[in-house]
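Residue-level structure breakdown
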Amino acid sequence: MAVLSLPISERLGCLLDFLSCIGKMYHWAYAPDGELLETNCPDKVLNNFLHTGGYFEVILKHSHESQMPILLSNRYSLIWCAAFEHEGDRISKIHVLGPITTTDMAHGGIALIVQSSKITPHWRPKLTKILQRIPVVSFQDFLRYTLMLHYCVTGEKITNADIVFSEPVGPKPEGDSAPQKDRMNTYIMEKALMRMITEGDLNYKDVLHAAAGASRGVHLDNMNSLEQVKVTQVVFISISTRAAIQGGLSPEIAYSRGDAYIQDVLNCTSVAETVNIGHSMYDDFVHLVHKSRVNPNYSPQIQSVCDYIDVHVEDKLSLSDIASHVGYADYYLSRKFKQETGSSINDYIKTAKVERAKTLLLGTSMGIQEISERLNFGSRGFFAETFKEIAGIPPAAYRQQNLKS
C-alpha cells in the first residue's frame, strides 16, 4: 500500500514507530488556536515551554506566512520543529517534534532552565529529572526528522533548503553562562548558511538576515568593536571559502576570492563597511557556486578558461594570455568558447568584471573611479557604459538603489 494512501494519523504513527527504533521522540498535535490535542510525551509539563516561552506564537505567525516546516531553538540548546496539516486553505492541525538537544545538556544548562522557570522549590527536582530525559539527537538527524514530519503531514517531498530557521526565542540567560547563550542557535544558522553556499541557493537572504541576529560573533577580550567584527568576518570568510569548494567551486578561485575579501576586511576602518564586505562575500560565493552548477556541460578546457577569468577578473585580460593558459590558438579558443557558452570571450570578461563591480559597489566604500581602475576598465566612462549595458543602470544608481533595499 502506498504511504500517501494512508490517513495522516497512520503515517505519523509509522514515523514515530520508526523513530522509536532509534530512540524516543516526542510528538505534539495542536489545534490552530494552540490547544493541545494529543501527545506521546509522558512529561506534559514540557508543553508549557512552547506556550510560556513564546515559541507557539512564532509557530502561529510562521503558519500564516508559509507552508514550509519551521525549526526553532531557545537559548538553552533546546530545539523543536513544526509542520502544518491543512484542510483546503486553512490549517487544521499543527504537528511538533521536540524538544531535543543535540548534546547531553550540561548540569549548568539544566540548572539555568530550572532557575528561570517560575515553579516552587518543591517542583525543581522533578523538572530537573524531566529535562534530563529530553532526547539527544544530532542536528543532521533532526533535520531529516523535520523533512519526514512534513512529508507525513502534507505528502510533499522537500529538502533542507526549504526548512525555515527561526531566530532564537526567549530571554537570554544571565550570569556566568551568558557567553554560551547562542552557541547552538549559531551552529544551526551556520550550517544553514554554509549549506546554501554548497548548493548555490540564490534564495539565501532571509537566512542571512536571521543569522545576523543569531550571534554577536566571535568574542575576545581586550578588543574594540571594530577588531571583534573583523575577526568574526575573517572566520566567516574562511568557512564560506571551504563551503564554496565543497559546492564545486575550484580551490584556485575560492581561495583567491577568499584571500581578497580577507584583505579588504583587514583594510576596513568602520564596522558597517566590514559587515558589508561579509555580506558581499557571501553573495559572491553563492552566485559563483550557482554558476558552476548550472554549466555542467562545459569541457574541462572551457571551464578552465572561465575559472581563469574569474580568478583574474581584476587584471587586464587578453585573448592571447587566456589562450596560452589552455594551450590553444587564439582563433580556435574564440570559436570553441562561443560554441560552448554562447558568449564571446570579450563579453564573458565584461560580464565577470561587472559582477565583481557590483560586489565592490555594495560591499565597500570605494568610489566609482577607484573601482574602474581596480578592474582595469581603462576609463571611468567606459566602466559606466559597460556597467549600464549589462546591469541596466549606471554604477552609481545601482549602488544607491541596492543600498536602500
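Refer to the structure printed above.
None of the values given here were measured: they were computed from a predicted structure.

The next point concerns helix α14 (residues 330-341). Taking 1.5 Å per residue as the helical rise, α14 with its 12 residues ought to reach 16 Å, and the 16 Å between its terminal C-alpha atoms agrees with that figure. Residues of α14 that are buried include every one of L333, K336, F337 and T341, and no others. One side of α14 carries all its buried residues, which in axial view fall inside an arc of 105°. Facing away from the buried side of α14 by more than 90 degrees, the exposed set consists of Y331 and Q339.

Assignment of secondary structure puts R356 in helix α15 (residues 345-363). Those residues in contact with R356 that lie beyond four places of it in its chain are R257, A260, Y261, D264, D284, V313, E314, R374 and L375.

Quick look at the sheet that holds strand β4 (residues 79-87) now. Pairing in this open sheet of six strands is mixed, and the strands run β2-β1-β5-β4-β3-β6 from one edge to the other. Each edge of the open sheet carries a strand with a single partner, namely β2 (36-39) and β6 (164-165). In terms of strand pairing, strand β3 (residues 70-73) meets β6 through two bridges, oriented parallel. Within β6, the position partnered with I70 by the bridge is V164. Together, β1 (27-30), β3, β4, β5 (90-100) and β6 form the strand contacts of helix α3 (residues 55-63), whose direction differs from that of β3 by roughly 160°.

Taken as a whole and judged by the stated rule, the model has nine aromatic pairs. A centroid spacing of 5.5 Å and a plane angle of 80° characterise the contact between F337 and Y348, whose relative ring orientation is edge-to-face. Remark: Y348 occurs in helix α15 and F337 occurs in helix α14; sequence separation between them is 11 residues. Here the two residues F337 and Y348 agree in accessibility, since each one is buried. A network of ring pairs unites the aromatic residues F377, F382, F383, F387 and Y398 as a single cluster. The residue whose ring lies beneath R356 is Y261, and the NZ or CZ to ring-centre distance is 5.1 Å.

By the secondary structure assignment, I262 is in helix α10 (residues 251-266). C-alpha of I262 to C-alpha of Q233: the two residues are 29 residues apart in sequence and 7.9 Å apart in space. Excluding its chain neighbours within four sequence positions, the residues that come into contact with I262 are V234, I237 and S238.

A separate point is the pairing of β3. Burial along β3 is two-sided: the residues I70 and L72 and L71 and S73 are all buried. Where β3 and β4 come together, four bridges link them in antiparallel fashion. When the bridges of β4 are listed, L72 appears paired with W80.

Conventions we followed
Residues numbered from 1 in each chain as written. Predicted model: local features only at pLDDT ≥ 70, side-chain atom pairs only at ≥ 80, totals over all residues. Heavy atoms only, no water. Helix = DSSP H or I, 4+ residues; strand = E, 2+ residues; numbered from the N terminus. Expected span 1.5 Å × (residues − 1). Buried < 20%, exposed > 50% of the residue type's maximum accessible area, 1.4 Å probe, protein only. Arc of directions from axis to C-beta. Contact = heavy atoms within 4.5 Å. Pairing = 2+ DSSP bridges. Axes fitted to C-alpha atoms, helices over the stretch in contact; angles between N-to-C directions. Phe/Tyr/Trp six-rings, centres within 6.5 Å; stacked < 30°, edge-to-face > 60°. Lys NZ or Arg CZ within 6 Å of the ring centre and 35° of its normal.

Bear in mind that shape data such as this cannot, by itself, settle questions of function.
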